[in-house]
Amino acid sequence: MQLKKQCHQCQTEMIPDCRVTIEGGMYGIKISRKGGGLFRRASAKPKAAVCPECGYIALYLDNPSEFIR
Ligand SMILES: [Zn+2]
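Just so you know, these numbers come straight off a predicted model, no measurement behind them. (Residues numbered from 1 in each chain as written. Predicted model: local features only at pLDDT ≥ 70, side-chain atom pairs only at ≥ 80, totals over all residues. Heavy atoms only, no water.)

## Observations regarding the sheet that holds strand E5 (residues 57–60)
Spatially, E1-E4-E5 is the arrangement adopted by the 3 strands of the open sheet, whose pairing is antiparallel. Because the sheet does not close on itself, it has two edges, and the strands there are strand E1 (15–19) and E5. Within the sheet, the average angular offset between the axes of one strand and its neighbour, ignoring direction, is 35°. With 4 bridges connecting them, strand E4 (residues 47–50) and E5 associate as antiparallel partners. In the sheet register, Val50 faces E5, and the bridge partner there is Ile57. (Pairing = 2+ DSSP bridges. Helix = DSSP H or I, 4+ residues; strand = E, 2+ residues; numbered from the N terminus. Axes fitted to C-alpha atoms, helices over the stretch in contact; angles between N-to-C directions.)

Below, the structure written as structure tokens:
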């Protein structure tokens, strides 16, 4: 389930689920956070949402709750 994302600039509904990659390579970027123990580590590949109106992009994660703690 996914909430609709609105553009922060012009409030147009954004297009979600776009892939984030670095130009020139096959790698995307990754967001991670070190936790307390060995297995307490959250990491995620962000997705991007694009505003078709003004071109604003927003990065977001599908499971941000993994980052709690
Ligand atoms: Zn916009």
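## With respect to the environment of Arg33
By secondary structure assignment, the location of Arg33 is in strand E2 (residues 31–34). Of the residues examined, Arg33 reaches a relative accessible area of 38% and is grouped as partly exposed. Each C-alpha atom, one on Arg33 and one on Ser43, is 6.2 Å from the other, the two residues being 10 residues apart in sequence. From its side chain, Arg33 meets the backbone oxygen of Phe67 in a polar contact 3.3 Å long. (Buried < 20%, exposed > 50% of the residue type's maximum accessible area, 1.4 Å probe, protein only. Polar contact = N/O pair within 3.5 Å; in protein donor to acceptor, adjacent residues only side chain to side chain.)

## Describing the packing of aromatic side chains
The geometry of an aromatic ring pair is captured by two quantities: the separation of the ring centres and the angle between the planes. Scanning all chains against the criterion turns up 0 aromatic pairs. Cation over ring: Lys5 sits above Tyr60, and NZ or CZ is 4.2 Å from the ring centre. (Phe/Tyr/Trp six-rings, centres within 6.5 Å; stacked < 30°, edge-to-face > 60°. Lys NZ or Arg CZ within 6 Å of the ring centre and 35° of its normal.)

## Structural notes on unusual backbone geometry
One non-glycine residue, Gln11, lies in positive phi territory at about 65°. Mapped onto the elements, Gln11 comes out in the segment before E1. Judged by its relative accessible area of 48%, Gln11 falls in the partly exposed class. The phi dihedral of Asp17 falls on the positive side, at around 70°, and the residue is not glycine. Here Asp17 lies in strand E1. Take Asp17: its relative accessible area is 48%, and that puts it in the partly exposed class.

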